Structures are given as C-alpha cells and as structure tokens.
Amino acid sequence: MGGNDMRLQTASSVISFARELEGESAKFYEALAEKFAEGKDSFLSLAQENRKYIVQVERAYYGVISDAIEGCFAFDLEPGDYALETTLAESAGYAGALSQAVRMEETLVRFYTDAAKQSESLMADVPRAFMLIVRKRNERLVKLKSL
Amino acid sequence: MAVLEEPIKGVPLVKNYINGEWVESKGEIKDVVNPAKYETIGKVPISTRDEIDAAVKASQEAFPDWRRTTPVARARYVFRLKNLLEEHFEEVSRVQTQEHGKTIDESRGETRRGTENVEVACGIPTLQMGYNLEDIATGIDEYLIRNPLGVFGIIGPFNFPFMIPLWSAPYAVATGNCVIVKPSSEDPFSQLKIAELVEEAGFPPGVWNVVNGGRVVVTGMLEHPGIQGIAFVGSTPTAKYIYQKCGETGKRVIAQGGAKNFMVIMPDCNVAATVPSMMTSFFGNTGQRCLSGANLLIVGDDKFYASFLEKVADSVSKIVIGYGLDESVQMGPLRDTEKKQRVLGYVESGIQAGARLILDGRKFEIRGDYPDTCFLGPFIFENVTPDMKIAREEIFGPVMSVMRAKDLDEAIDMVNACEFGNGHGIFTSSGKSAREFQYRVVSGNIGVNIGIVAPMAFFPFSGMKDSFFGILHTQGKEAVRFFTESKVVIQRWF
C-alpha cells in the first residue's frame, strides 16, 4: 500500500510545487533582465507577474479548501514532467534566451492545464485559477515570440 | 516532499481562559499526544467543578454589559477575530494536524469552514433583526425582537477540534450572549489558539471563556442553573444523554450525534469524478467524521459493480499514509490507540460475520519514519449485508462496507432503514434519480454527487433520526434563532 513517492497527489503539494515553479521562473527572468538591457523592463515585469500568479492560486486554494472538496485526492502529477530549465548558459545570446523562456512558458502552460484538467469539478475555484494563468501565459508566449 | 514546521514547541501546559485571564487549573493533568509521532506535545488539565462555576460566574457578570453593547459594535469584535484567524490561518491549521493527525489539506479545510462561521456572524446586525407590522389593529403596532439569553456551554469533539465550536460560538457572542467552550481534552490546542485570538481581538473579559476537561466540566455545564443552553457535537449515546439532561434542567439544546452514511452509486454516474469523491468521503480525516461515507451501495448489474469496485479499490490501495504535515500524505493516523483498537474490533466483527475483506488495512506502509502506533490503512469489505454490525454501527475509521441494490427503490429503502440520518449521498447523472433520492431519503443533509455533505456556514448543519436531538441547528440563521429568544411587543399610544 502507498502511492508513488514523488507524485503530486494532494492540493497542498500541487500548490507548493506551483509556488516553486513560479519562483524559479521569476528568478530566470530576473537573470535575463540583468544580462539583456534591451528587454530589462519586459523581463522584470514578467517576474513580477509570476509572483501575482502564485498569489492568485493561493487565494483560490485557501479560499475554497474544505472537507467538501477532494483536496487530498484531486491530482496525480509527476513533477519531473514539468522540470524547468532555468540556468542560462554563459554563451547564450538574446535570441537563445528568448527561446529558453518560450520553452519554460510552454512547460508552465502544460503544468497548469494538466492540473486544471485533473482537478476540474473536484477543487472548486482552483482549476479556474489555473486556467486563468494558462490564458495569461498564452498571451505571454505570443509576446515572447514577438520580441 | 516538504514536511511543514510544527507550531507547537516543547510541552506546554494548557491553561483555562476565564474572565479574560489565563488561569492554571487545579485539576488533574493529562498528556496531549501527537498521534502520528506518538509523542507528548502538551499537557491539558481536567478542570474541576469550581473552575466551571467560576467561568459561569464570570460570564453571568459579563452578560449585562455585553448585551448592551450594540450589535454593530459586537460585530466589529467578531470581525477583528475573523481577520486574526485569516492572519493565523496557516499556524492554526498546522496546530490541528499536530494535535489531531489529519492531513494539512484537511486542516486548512477545517480552518476555512470554521472561519466562515465567524465571517457569517459578522453580519449579526442584519441576522438578528426581528420584524414588525404596523396597525395590527387601528393604532396598534406589533414587533418582534430577538434577545440574547445569557450564558451558553459549547462542547466540542476531538475530530474537528478547531471548526466545530465555531459552528456555535461566533453566533452566540455576536447575538449578545457569553460562552464557555469546552474543547476535547485529546486535542485542546486549537481552541486555546482561538482564545488567544479572542483576547487579541479585545473581547471584554467573561464573554468568551475556555474551560478544559472532561465529564466533570460537562456535568457542571448541564447542571448549572446559570447556563441557558448547550451546543454539543459527539457520539449518539452522549448526544441523547445531553438532550435528556437539558430537558430536565430546562436548557435549550443542540445535540449532534453520530452517523452511518450511505453513498449510493448509480450505474449512470460519472465514474472518473465519483472515484476521488469516494476516496475523500470514506477515507478523508481517516474516516473520523460524522459526514464520512460508511456504506458504499452500488446499484446496477454485475459488470458495473465489478468495474466500479475495482477502480475504487485500486485507487484506495494507493493512498499515501503518514504524518499530515508531510504535504504528500493523503491519510493520517487515528486519533489514538483506543480508537484504532475500536476500528480493529469492527474489522474482526466483519470478518466473523462473513463479509469479504478485499483490502486489508492492517497491512500498510507509512511514508516517513513514524511509529505505526495509531496508524491503520484503509479497509474495504465486500458482500456486506444490512444486518451486519459493520453496516449498522458507526465505526469512525477508514472502513468502507460495500453493499448492492438491484435498483434505486431498493437502495432508498436500505438507506431509510438506517438508524442515522446525517449525510447520505447519491452519485448519478440522472436528475430524476437525484430528485427521487433527495425527496424520499430521511437525512438532515443530502449529497448529490458530493462525497462530504458539509453545509456552508450560512446553511444549518442539519441532522435527523439518531444523528440529531433538538430543533434548531448550528450555523447561520438557525444558530441565531437558537441563541436568541423571541420577544413580541404590542404597543399603542394614548
């Protein structure tokens, strides 16, 4: 008896994981801002947005969590599927860094989409908060690709 | 996965909170044990009769001024408490896990549900309003006022140490009464934390008191002529006793008892969404709640039955068991060894009665290095018949008893044959079946595609049959009615 060691099955573990991902990607954008003056403002604003996203997710979770919803049984995600590549190579140019950011955003979109799909109808407002972030991130992807 | 930091440090001695002061009890001292680690995390007093009498006296003295405090001003105290609870949300949640053993998601859920009652009570200026009619006869008007009564006793159970007293206490004080809360001596820290926040919110001395203890405190409350009413949640035998005693002493009473909830599964249900609901319903809080699913009643042919049960059993067999402060854990321990033994006794009775144990919770793995003292895995019994003890009595543990019915009519008859009427549910995609179930089943709370039928704070926490003794219920408008007396004024002016 007992589930897989590393899988994310509880809401608490998913929220903590989302917090880690947002933190890592915010740091990545801050590093980009430091390295590439031409995109500094955009990158810093993306890092700031990440922090807003996690507040949104936490607000949704802490606002609805109760014994009437399936907090301990709503997810089954493998964290390794959403590992972010956030170390920027010394030699990376602006275009390379943007491609890396696009890949990171795609991974985050996949994470939130999967989490929303699994918890749909089980976690009240939480999947909706995830999908709002997916929408924002898709807009962000368009923007990153245009830079 | 992260194991969150424990908020209770050392082995503190719990004090009583009487008349706005922290008072050391003269009663016997008992250990408070964290059931996951099986270690003592605190000491709790079993307070004396004198101490409950002192709390009643303080409340009686505080009542006249508190009653005269305007509803708007009282609501502001309650609002400050609500803000403090939000500020300390994570801390009080972790306290629950540490002292009770439930998972952190469950504790946060409990904090949210409890805090929502404080939030609803903030609306007391509206909720406590009476009504009036001008000109009941020419020149004569009539109106109704809701008056507070005085002092109330609130007796909490071990399974929701934070939330359950909050089904009552915020409404009691917001309407102008004073309260004495007696937490379970097994997990008193949550109510201690609330009392600290009550103090910080600035409630006047004597309005909100906490007296720790056991039978002596309860008897003291039941017998004290200065207490106007009791709100109790616990087992059915105790609820019945409290109801009787309150009848003898002329107190109003809410006495919520036990349950044996059926989850009826129709063949047209959404299986993918229903399976996780079964997990949380039967095994959430390790089955220690009066809204837990207990009997899984599957309607349909052999093929549907086998396929549904296989999916449930497969998911249940993978439940991660461990210390609730580990965020990956899905099910914590039983509250103590006595409760674990009680569950094992029922398991033995099921086996003896001929039910088939398809998942044996006596064999389990614990995530992390914790003693197995209070832990059990989930159990699933098949071929259970309604006459078996495991189908009739409240086990209060992680045990699913699976039964079958040929159609909805038979299922409803089986549900209605149950002595309890707390939180039965149906899982179906048919509106007709759902309506039929809701209409015919005798139960205070009914779930349609909901595994735990926990009413929100602005609805009453209902109950029928042996699950509830009384008339008005905790939470929302009914709690406001319970904690107030209707005074009707008829007036004319010459």
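Structure first, text after, so check above.
These numbers come from a predicted model, not from an experiment.

Student: Quick question: what am I supposed to make of the interface of chain B and chain A here?
Tutor: Chain B puts 35 residues into the contact, and the matching count from chain A is 21 residues. When residues of the side of chain B that touches chain A are traced back to their parent elements, those giving at least two are helix H4 (104–121) and helix H10 (271–283) of chain B. The biggest single contributor to the side of chain B that touches chain A is H4(B), with eight residues. Considering only residue class, the side of chain B that touches chain A consists of 14 nonpolar, 10 polar and 11 charged.

Student: Would you explain unusual backbone geometry in this entry?
Tutor: Trans is the common state for peptide bonds, and a negative phi is the common state for residues other than glycine. At Ala124(A), a residue that is not glycine, the phi angle is positive and equals roughly 50°. Tracing the chain through its elements places Ala124(A) in the loop between helix H3 (94–119) and helix H4 (125–146). The phi angle at Asn19(B) is positive, at roughly 55°, despite the residue not being glycine. Locating Asn19(B) in the fold gives a position in the loop between strand S1 (16–18) and strand S2 (21–23).

Student: Teacher, can you tell me more about the sheet that holds strand S12 (residues 261–265) of chain B here?
Tutor: The strands making up a sheet are joined through hydrogen bonds of the backbone, oriented either antiparallel or parallel. Residue and element names in this part refer to chain B. In space, the seven strands of this open sheet follow the order S14-S15-S16-S13-S12-S18-S19, with mixed pairing throughout. Looking at strand neighbours, the two that pair on one side only are strand S14 (356–359) and strand S19 (445–448), the edges of this open sheet. Sheet twist, expressed as the average angle between the axes of neighbouring strands with direction ignored, equals 25°. The pairing of strand S13 (residues 293–299) with strand S16 (residues 399–405) spans five bridges and is classified as parallel. From the neighbouring strand, Val 299 faces S16, where its bridge partner is Ala 405.

Student: Help me out: how do you make sense of helix H11 (residues 302–317) of chain B in this one?
Tutor: Residues spaced three or four apart along an α-helix face the same direction, because each turn holds 3.6 residues. All names here are of chain B. With 16 residues, H11 extends 22 Å between its outermost C-alpha atoms, agreeing within 8% with the 22 Å of an ideal straight helix rising 1.5 Å per residue. Where H11 is concerned, the buried positions are Phe 308, Val 312 and Val 316. Within H11, the buried residues cover an arc of 65° as seen down the axis, which keeps them to one side. In this structure, H11 carries Asp 302, Lys 303, Ala 306, Glu 310 and Asp 314 as exposed residues pointing more than 90 degrees from its buried face. On its buried face, H11 is in contact with S12, H10, S13, S14 and strand S15 (379–382).

Criteria and thresholds
- Residues numbered from 1 in each chain as written.
- Chains lettered and ligands numbered in written order.
- Predicted model: local features only at pLDDT ≥ 70, side-chain atom pairs only at ≥ 80, totals over all residues.
- Contact = placed C-beta atoms within 7 Å.
- Helix = DSSP H or I, 4+ residues; strand = E, 2+ residues; numbered from the N terminus.
- Nonpolar A, V, L, I, M, F, W, Y, C, P; charged D, E, K, R; others polar.
- Pairing = 2+ DSSP bridges.
- Axes fitted to C-alpha atoms, helices over the stretch in contact; angles between N-to-C directions.
- Expected span 1.5 Å × (residues − 1).
- Buried ≥ 20, exposed ≤ 12 C-beta atoms within 10 Å, placed from the backbone.
- Arc of directions from axis to C-beta.

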